[in-house]
Amino acid sequence: MGRQMTGPTRQVEPADLEAAAWHARLGAPEVDGTTIKEFFAWRAAPANAEAYRRVESVWKQSGTLEASPAIQAVLDEAMRQGPAWSRRARSRVWTFGGLSAVGAALALGGFAWWWTDARTLYATGVGEQRLVQLADGSSVRIDTDSRLRVCFSGDERRIELIRGQALFDVAPDAARPFVVAADGARVVAVGTVFDVRRDAAGLRVTLVEGVVDVAGPAGQSRRMSAGRQARIDAAGVSTREVDARSETSWTEGRIVFVDAPLDQAVAEVNRYLTRPVRLASGGEAAVRVNGSFRIGDREAFVAAASGALGLRATPEADGAVTLSTP
């Protein structure tokens, strides 16, 4: 019996951002007694103390951070837009409790960017699922063998889906659209729930709640309402009505097939398996199958295919199982 696996989750907590802000304040050239008292009062909470420890650890482990072109660009922007003390940090380094003002400027102008971009590449292995809570209150449930990057900025919440599938539950924020980008296409939402899958066939977007705008790589765009699915490929953007709950059943640990060709069903089951099911060449590939199976439960799928379709299941030396006509 297969089972759904959930990997460890690392999220940006409010305490992380508060810790970054304190790191910046304490790195200023002048720190008054009131600020110090406020800092110790804030750090008295265990969660805040741990968040501050993480911030300090980041900077201690990143001695060459300032030399990074990406970080340098953030620092330059902080110098232009930040307060006077941050602009002065380029030419002089002050310390308070071992904290660098250059590091503080980075924390103020670029820490949130660095933490939620360079530090938030999320991935799952085969058979693994993962729930990630984002700093804006949104959540992302990541499916098997998937990879994505979170890139939040002041005017946009951007997710790059590198491969695989994820369900996005977006917190409303009219000032910062939530954008999922993949293979040249874009899905834009403000507050909604939708599923995006990227594979060799292209991009598939299923809308569960709300409204989203879907744009293809060639500029074609469609506005979608709940219960519809968009497919984006080289031919453009097409939409159709679907059962959103069935299409997103993977989030509940199940795969639902409704008149699916057997070869497609086998391919879907294999997404969650390290020991796959193989289909011998023959006419059975086009046979339609219906059913609901728990993710990773290879034995149940093989038994159903063997019993309902009259196929023979043959174990292979590499751990796979081959389905064939007797």
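These numbers were taken from a predicted model, which means no experiment stands behind them. (Residues numbered from 1 in each chain as written. Predicted model: local features only at pLDDT ≥ 70, side-chain atom pairs only at ≥ 80, totals over all residues. Heavy atoms only, no water.)

Draft legend 1. Seen up close, the packing of aromatic side chains. Summed over the entire model, instances satisfying the criterion amount to nine aromatic pairs. Relative to Tyr 52, the ring of Trp 42 has its centre 6.4 Å away and its plane inclined at 75°; by these criteria the two rings are edge-to-face. On the criterion of sequence distance, the pair formed by Trp 42 in helix α2 (residues 33–43) and Tyr 52 in helix α3 (residues 46–60) is long-range, its members being ten residues apart. Trp 42 sits in the buried class, given a relative accessible area of 13%. (Phe/Tyr/Trp six-rings, centres within 6.5 Å; stacked < 30°, edge-to-face > 60°. Helix = DSSP H or I, 4+ residues; strand = E, 2+ residues; numbered from the N terminus. Buried < 20%, exposed > 50% of the residue type's maximum accessible area, 1.4 Å probe, protein only.)

Draft legend 2. A look at empty space enclosed by the protein. Counted according to the given criterion, the structure contains two cavities of 30 Å³ or more. Lining the second largest cavity we find Ile 255, Val 269, Tyr 272, Phe 293, Arg 294, Ile 295, Gly 296, Asp 297 and Phe 301. Among the residues making up the lining of the second largest cavity, the classes are represented as six nonpolar, one polar and two charged. (1 Å grid on protein atoms, 1.4 Å probe; cavity = no way out; pocket = protein on both sides within 12 Å on 5 of 7 lines; lining within 4 Å. Points joined across faces, edges and corners; volume = space filled by probe spheres on them. Nonpolar A, V, L, I, M, F, W, Y, C, P; charged D, E, K, R; others polar.)

Draft legend 3. Region of interest: helix α8 (residues 262–270). If you check which residues of α8 are buried, you get Leu 262, Ala 265, Val 266, Glu 268 and Val 269. All buried residues of α8 project into a common sector of 160° when viewed along the axis, lining one side. Buried positions along α8 lie against β11 (193–199), β17 (254–261), β18 (277–279), β19 (288–294) and α9 (298–309). (Arc of directions from axis to C-beta. Contact = heavy atoms within 4.5 Å.)

Draft legend 4. Region of interest: the sheet that holds β18. An order of β18-β21-β20 is seen for the three strands of this open sheet, with the pairing classed as mixed. Single-partner strands in this sheet number two, and they are β18 and β20 (312–315). When strand polarity is set aside, the average angle formed by the axes of neighbouring strands in this sheet is 30°. In the sheet, β20 pairs with strand β21 (residues 321–324) via four bridges, with the strands oriented antiparallel. Bridge assignment links Pro 315 to a residue of β21, and that residue is Val 321. Strands in contact with α9 are β18, β20 and β21; relative to β21, the strand with the most contacts, it is inclined by about 15°. (Pairing = 2+ DSSP bridges. Axes fitted to C-alpha atoms, helices over the stretch in contact; angles between N-to-C directions.)

Draft legend 5. Region of interest: the nonpolar core. Among the nonpolar cores identified, the biggest contains 30 residues, and Phe 168, Phe 194 and Val 205 are the most heavily contacted of them. A total of four residues in this core trace back to one element, the largest contributor, which is strand β8 (residues 157–169). Sequence-distant contacts of Val 205, that is, excluding residues within four places in its chain, are made with Val 187, Phe 194, Asp 195, Val 196, Val 214, Met 224, Arg 228, Gln 229, Ala 230 and Ile 232. (Core = buried A, V, L, I, M, F, W, Y, C linked by side-chain atoms within 4.5 Å.)

Draft legend 6. Structural view of α9. With twelve residues, α9 ought to run about 16 Å at 1.5 Å a step, and its terminal C-alpha atoms sit 16 Å apart, in line with that. When α9 is considered as a whole, its buried residues turn out to be Arg 298, Phe 301, Val 302 and Ala 305. Along the axis of α9, the buried residues cluster in a sector spanning 95°; they form a single face. Opposite the packed face of α9, turned more than 90 degrees from it, sit the exposed residues Gly 307 and Ala 308. The secondary structure elements touched by the buried residues of α9 are β17, α8, β18, β19, β20 and β21. In the segment just after α9, Gly 310 is the residue with positive phi, at about 70°. (Expected span 1.5 Å × (residues − 1).)

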